[in-house]
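# Residue-level structural notes
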Amino acid sequence: MSKPLMEGKKGLIMGLANDKSIAWGIAQALNEHGAQLAISYQNEALEKRVKPLAAQLDKEPLLLQCDVSDSASMEACFNELAAKWGKIDFLVHAIAFSDKNQLRGRTIDTTRDNFAMTMNISCFSFLEACKYASPIINEGGAVVTLTYMGSERVLPNYNIMGVAKAALEAAVRYAAMDMGEQGVRVNAISAGPVKTLAASGIGDFRKMLHWNALNSALERNVTPEEVGMAALGLLSDCGTCITGEVLHVDCGYHIQGMLRMKNIEQNVEVLTEG
Ligand code: NAD
Ligand code: 0WE
């Protein structure tokens, strides 16, 4: 391999839950390229899952607890990061949450409380993380967050999450202007569907994966490792003039204008089974 892309770079990954997490795919790609990682996890229950993953990295990571619904927890996390490391070079935000019971039915039935909570955790937390990262991130640094095509088009059951992701993508553009003044880039990756904890219990998710594979340009789904490689590109010096961008990492699903008839006809049974 030529020179590792992240040698000498340090940064924080927020949103690691388990080995299926997109954040883990990103952590592995950055680790392989020499990055030193800090990892934040939501609560003690997840600490148990995160520790054995942390042990698999080449450089021992700094583990921090951070519940993004609580500004004090967020501030404490960044204070500890600043105290231990001083400066960082990158930030990864891979966090979203909404009430599961409202990830079905009609979006217009979303409650005021769940609207606020969903926007708070899935969008505001990104802005607040950028705010706390701003004084400690080096010039030439970069931020990446994760979004989904449900921000641009209506997908069944994604509901208020789609609204929150549209806000997140706008937040990426505003944060890119703010942080551009300090030479820091801010981008989003719009990933295709991946079977993670955040996708578990979603009705018909298996069928959705199948549908995406049949209709994407590459006729398959993305892996967390591939999302990790794209994040590596955006966070490393491969991406030095890319900012404010939403990069689709979805095997080309988003360009599709009409379903692939041959594939649908051959898969009617699996797509319609109960
Ligand atoms: P995941 O369940 O592995 O990760 C979601 C993370 O959000 C978890 O680590 C969870 O602890 C964290 N989180 C939720 N509430 C939090 C809080 N209050 N404080 C701190 N952390 C909190 O699932 P994932 O699919 O890897 O999700 C990561 C990101 O990728 C999310 O933004 C999601 O919207 C996005 N995304 C996922 C898919 C997919 O199909 N899985 C596709 C596109 C984008
Ligand atoms: O952004 C996401 C996950 C969003 C999510 C999922 C959950 C499930 C568990 C947010 N909050 C919760 N809350 C829970 O309690 N994705 C892009 C994955 C995803 O979720 C969907 C999808 C896709 C794709 C929900 C409905 C339809 C499609």
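Below or above, wherever it landed, is the structure these notes cover. (Residues numbered from 1 in each chain as written. Chains lettered and ligands numbered in written order. Predicted model: local features only at pLDDT ≥ 70, side-chain atom pairs only at ≥ 80, totals over all residues. Heavy atoms only, no water.)

## Details of the site of ligand 2
Filter applied, for reference: Throughout this document, a residue counts as near a molecule or strand when at least one of its heavy atoms sits within 4 Å of that molecule or strand. Side-chain atoms alone can form a polar contact between residues adjacent in sequence; in general such a contact is a pair of N or O atoms within 3.5 Å, and within protein one must be able to donate a hydrogen while the other accepts it. Computed with a 1.4 Å probe, the accessible areas rest on the Shrake-Rupley method; for each residue, only the protein chains presented here act as cover. Throughout this entry, Asp, Glu, Lys and Arg are counted as charged residues, while Ala, Val, Leu, Ile, Met, Phe, Trp, Tyr, Cys and Pro are counted as nonpolar. The remaining residues, Gly among them, count as polar.
The immediate surroundings of ligand 2 are formed by 13 residues, with Phe97, Ser98, Tyr158, Ala198 and Ile202 found nearest. Within the side chain of tyrosine 158, a nitrogen or oxygen atom sits 2.7 Å from an oxygen atom of ligand 2. When the free accessible area of ligand 2 is taken as 590 Å², the share hidden by the protein chains comes to 89%. Class assignment of the residues belonging to the shell around ligand 2 gives a composition of ten nonpolar, two polar and one charged.

## A look at the packing of helix α3 (residues 71–85) against helix α4 (residues 112–133)
Cut-off, in case you're wondering: Orientation is described by axes fitted as lines to C-alpha atoms, over the contacting stretch for helices, and by angles from 0 to 180 degrees between their N-to-C directions. Note on conventions: DSSP H or I runs of at least 4 residues are helices, E runs of at least 2 residues are strands, and numbering of each starts at the N terminus. Left-handed describes a crossing whose near helix is turned anticlockwise from the far helix through less than a right angle; right-handed describes the clockwise counterpart. Whether two residues touch is decided by their heavy atoms; if any such pair falls within 4.5 Å, the residues are in contact.
One way to put it is that α3 packs onto α4 with a least axis distance of 10 Å and a crossing angle of 35°. Handedness of the crossing formed by α3 with α4: right-handed. Counted together, Ser71, Met74, Glu75 and Phe78 of α3 and Ser125, Glu128, Ala129, Tyr132 and Ala133 of α4 form the full contact between these two elements. Residue composition of the contact of α3 with α4, grouped by class: five nonpolar, two polar and two charged.

## As for the sheet that holds strand β4 (residues 88–93)
Just so we agree on the cut-off: A pair of strands is considered paired only if DSSP assigns at least 2 bridges between the two.
Taken in spatial order, the seven strands of this open sheet run β3-β2-β1-β4-β5-β6-β7, and their pairing is parallel. Every interior strand has two partners, whereas the edge strands, β3 (62–65) and β7 (246–249), have only one. Put simply, the sheet's adjacent strands are angled 20° from each other on average, direction ignored. Summarising the sheet, strand β5 (residues 137–147) and strand β6 (residues 185–191) pair through six bridges and their orientation is parallel. Bridge pairing links threonine 147 to serine 190 in β6. Lying on the sheet, helix α1 (residues 22–32) is in contact with β1 (10–14), β2 (36–41), β4, β5 and β6; it crosses β1 at an angle near 165°.

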